[in-house]
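Now for the letters of each chain:
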Amino acid sequence: RCAHVLMAIAIRGTTPGTTSGTSDPTSLVLNGTRQPNANDVLIIIHGNDFFNMADLPTPTVAGSTTGVTAITNGSADAGANSAHVKSWYYVVGSTGDLTVAVDETGSAGAEEKVLVGYVLSGVDTGTPIDVAGNNTGTGTPCVCPSVSPTSSDAFLICHVNEGTGANNAPFTSPGSMTEQYDIAVAAAMGTVGATEQLSASGATGTRTFTPAGSSAAFVLLSIAVKTAAAGGGPTLAPRAV
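Fair warning: this is a prediction, and the values are worked out from it, not measured in the lab. (Residues numbered from 1 in each chain as written. Predicted model: local features only at pLDDT ≥ 70, side-chain atom pairs only at ≥ 80, totals over all residues. Heavy atoms only, no water.)

A. Representation of the sheet that holds strand S14 (residues 171–172). Strand order in the open sheet formed by 3 strands is S12-S17-S14, with antiparallel pairing between adjacent strands. A strand with exactly one partner marks an edge of an open sheet, and here the two such strands are strand S12 (142–144) and S14. The pairing of S14 with strand S17 (residues 207–211) spans 2 bridges and is classified as antiparallel. Counted as the bridge partner of Thr 172 is Thr 210 from S17. (Pairing = 2+ DSSP bridges. Helix = DSSP H or I, 4+ residues; strand = E, 2+ residues; numbered from the N terminus.)

Below is the structure:
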C-alpha cells in the first residue's frame, strides 16, 4: 500500500532575509541556509515611508534587473510623503549566493525603508504568482485584502508598512499566519510580514494585523504564490505493513 504525500512551498532558511534603515543604496545577501537553488523563486518586497512612489526603482539581483519582474497588483501607494510598497519575483537560474540591492531615487534615500527577500522552493517557475492584491489605509487595524487564487495550494504572503514617519510596531499578526518579521525601522516606520499555506482555491478573506498604536497611513499587500505542478499531486511512498 502507498501513502500520499503532498509537497508544498517552503522558505529556505525558514524565514525571509530582511534589511532596514535609512541608508541608501541598501542590499540584502541571500546566503547560508537561505542560499538560492536553481529553480527557486525570490519574492522581493521594498517599502518606504515618505516622498514618492516613483522613488522606488526595480531592484537588482546579482547586479542586474534582468528577470526581476513586477508582480501584477503587487504595489500600493498611500500618496506623496507617505507609505509606498512594491514587489517583484525572480526565478533563480543556478545555485549560489545572490545579492538583492535597491538604490532609491530623488530624496527618498535618507528615508526609512525595508527590503525583504523570500527564497522559495516548490514554486511554479512558469507562473510564479497566482494572484496578488493591494490596499491602503489609516488608523487601526491594518487589513490586507482578500485575494482569490485559482489553485488550491497557494502560499500566501502578506506585508504591511507604515508611512509619514510613524512607528507603531510591534504588530499582532493573524492567528492563521506565521509572522516572518516585525520591525521598527529607525523608530519612524513599523513593518510586518506573515505567511500562510492555503488549502483551497477561491477568496482567502482578509488578514488583519493590529499595530501597537493608530497608524497615520499604511500600505498592504496580499500575494498568493503558485505551487509547482509536481507539488500539487501525490508522491508515492512505501508504507510498512
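Moving on from the model shown.
B. Local environment of the state of the cysteines. All told, the structure shown has 0 disulfides when counted by the stated rule. Unpaired in terms of disulfides, Cys 144 finds its nearest cysteine sulfur in Cys 158, a separation of 4.2 Å. Overall, Cys 144 belongs to the buried group, its relative accessible area being 0%. Cys 158 sits in the buried class, given a relative accessible area of 0%. (Disulfide = S-S within 2.5 Å. Buried < 20%, exposed > 50% of the residue type's maximum accessible area, 1.4 Å probe, protein only.)

C. Examining the nonpolar core more closely. With 27 residues, the main nonpolar core has Ile 43, Ile 45, Tyr 118, Leu 120, Ile 157, Ile 223 and Val 225 as its most contacted residues. Only strand S5 (41–48), strand S7 (69–77), strand S8 (84–91), strand S10 (113–121), strand S11 (129–139), strand S13 (155–162), strand S15 (178–185) and strand S18 (215–225) provide two or more residues apiece to this core. Core analysis: the next-biggest nonpolar cluster, separate from the first, contains 17 residues, Val 147, Met 177, Val 192 and Leu 198 among them. (Core = buried A, V, L, I, M, F, W, Y, C linked by side-chain atoms within 4.5 Å.)

D. Inspection of the packing of aromatic side chains at higher detail. Summed over all chains, the structure comprises 1 aromatic pair. Measuring from ring centre to ring centre gives 5.1 Å for Phe 50 and Phe 51, while their planes differ by 85°; the resulting arrangement is edge-to-face. For Phe 51, a relative accessible area of 22% translates into the label partly exposed. (Phe/Tyr/Trp six-rings, centres within 6.5 Å; stacked < 30°, edge-to-face > 60°.)

E. Seen up close, the pairing of S7. Bridge count between S7 and S8: 5 bridges; the pairing is antiparallel. Bridging from a neighbouring strand, Asp 77 pairs with His 84 of S8.

F. Here's a closer look at the environment of Phe 218. Among the structural elements, Phe 218 can be located in strand S18. Sequence separation between Phe 218 and Ile 9 is 209 residues, and the spatial gap between their C-alpha atoms is 28 Å.

G. Geometry of the environment of Glu 162. Within the secondary structure, Glu 162 is located in strand S13. In this structure Glu 162 comes out as buried when scored by relative accessible area, which is 0%. Measuring from C-alpha to C-alpha, the distance between Glu 162 and Lys 86 comes to 13 Å, with 76 residues separating the pair along the chain. In contact with Glu 162, other than residues within four places in its own chain, are Asn 48, Asp 49, Ala 83, Asn 167, Asn 168, Ala 169, Phe 171, Met 189, Gly 190, Ser 215, Ala 217 and Phe 218. At a separation of 2.4 Å, a polar atom in the side chain of Glu 162 contacts the side chain of Ser 215. (Contact = heavy atoms within 4.5 Å. Polar contact = N/O pair within 3.5 Å; in protein donor to acceptor, adjacent residues only side chain to side chain.)

H. Region of the structure containing the sheet that holds S15. Read across the sheet, 5 strands follow the order S11-S18-S13-S16-S15 without closing on themselves; strand pairing throughout is antiparallel. A single partner strand is all that each edge strand has here, and the edge strands are S11 and S15. Across this sheet, the average inter-strand angle for adjacent strands is 10°, counted without regard to direction. By the bridge criterion, 8 bridges tie S13 to S18 in an arrangement that is antiparallel. Among the inter-strand pairings, Leu 156 is bridged to a residue of S18, identified as Ala 224. (Axes fitted to C-alpha atoms, helices over the stretch in contact; angles between N-to-C directions.)

I. Representation of the side chain of Asp 124 within the structure. Following the sequence through the fold, Asp 124 ends up in the loop between S10 and S11. Accessibility expressed as a relative area gives 18% for Asp 124, which makes it buried. Within the structure, the side chain of Asp 124 is placed 2.9 Å from the backbone nitrogen of Gly 126, a separation counted as a polar contact. Within the local environment of Asp 124, its side chain forms a polar contact with the backbone nitrogen of Thr 127, the two atoms lying 3.1 Å apart. Those residues in contact with Asp 124 that sit more than four places away from it in its chain are Lys 226, Thr 227 and Ala 228.

J. Main features of the confidence of the model for the protein chain. Mean pLDDT over the protein chain works out to 93, with 92% of the residues at or above the 70 mark. Ignoring residues within four places in sequence, the model shows residues 1–6, a span with pLDDT below 50, making 19 contacts including any to other chains. In the model, residues 231–241 has pLDDT below 50 throughout and makes 24 contacts with residues more than four positions away in sequence or in other chains. (pLDDT = per-residue confidence, 0-100.)

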